[in-house]
Amino acid sequence: MTDSKKSPSKSVAKKIDAARRELKTATAPRTERQLLLCVDRKTAECASRSSMTTSWKYLKKRTKELKLSRVSGLWRVPCYCLGVCVGGPIAVVLPDNCWYGHCTPQVIERILKEHIIGGTVVSEYVISPKQLEK
Ligand code: FES
């Protein structure tokens with residue numbers, strides 16, 4: 001048996017059990033979609049720091065107003081670099097694996113209303129090959 005197939009120690013198993021119990025009551029399992037937005041202000045390569053901040057603030061405000069939350073099915077997540085680093089702010093909707101560029105407040109508004117609520121991708125701002133092929 002290799003090390004990677006060994007069972008976790010008792011203390012690790014106890015922690016895993018605690019995490020399992022916690023996840024049952026947490027809101028994450030009820031989340032149908034996640035909207036990750038690059039707000040990597042440290043590197044700020046895909047967009048300026050100010051546009052990342054503006055977009056993130058807008059996303060927070062609008063998801064509250066539209067009552068889009070972890071409980072209702074959307075988990076918005078600020079994240080570090082998503083690896084695209086140009087044409088941002090960059091966002092990705094999961095599990096659709098639909099990537100967007102130039103996520104200004106106006107584009108975020110469309111993503112929320114058309115993609116998240118309406119189920120239709122905002123093709124003008126899509127950057128992921130899978131959605132571009134359609
Ligand atoms: S810095 Fe935003 S995707 Fe890399």
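I will try to describe carefully the structure that is included in this document.

The rules behind each value
Residues numbered from 1 in each chain as written. Predicted model: local features only at pLDDT ≥ 70, side-chain atom pairs only at ≥ 80, totals over all residues. Helix = DSSP H or I, 4+ residues; strand = E, 2+ residues; numbered from the N terminus. Buried ≥ 20, exposed ≤ 12 C-beta atoms within 10 Å, placed from the backbone. Pairing = 2+ DSSP bridges. Axes fitted to C-alpha atoms, helices over the stretch in contact; angles between N-to-C directions. Contact = placed C-beta atoms within 7 Å. Core = buried A, V, L, I, M, F, W, Y, C linked by C-beta atoms within 7 Å.

### Quick word on unusual backbone geometry
Point 1. G88 connects to P89 through a cis peptide bond whose omega is 0°.
Point 2. The residue P89 is located in the loop between β2 (74-79) and β3 (91-94) in this model.
Point 3. Residue K67 is not a glycine yet carries a positive backbone phi of 55°.
Point 4. Looking at K67, the number of C-beta atoms within 10 Å reads 9, which means it is exposed.

### Concerning the sheet that holds β3
Point 1. Pairing within the open sheet is mixed, and its four strands lie in the order β2-β1-β3-β4. Of all strands in the sheet, those with a lone pairing partner are β2 and β4 (98-100), marking the two edges. Taking each pair of neighbouring strands and ignoring which way they run, the sheet shows an average axis angle of 20°.
Point 2. One ladder, built from six bridges, connects strand β1 (residues 33-38) with β2; its direction is parallel. Directly across from L37, in β2, lies its bridge partner P78.
Point 3. Its contacts with the sheet put helix α2 (residues 49-65) on β1 and β2, and the angle it makes with β2 is roughly 165°.
Point 4. Packing of helix α3 (residues 105-117) onto the sheet brings it into contact with β1, β2, β3 and β4, and relative to β4 it is tilted by some 160°.

### A closer look at the nonpolar core
Point 1. With 26 residues, the main nonpolar core has L37, A91, Y100 and I111 as its most contacted residues.
Point 2. Counting residues per element, this core draws most heavily on α3, which supplies four residues.
Point 3. Apart from the residues within four sequence positions on either side, L37 is in contact with S55, W56, L59, P78, C79, P89, A91 and C103.

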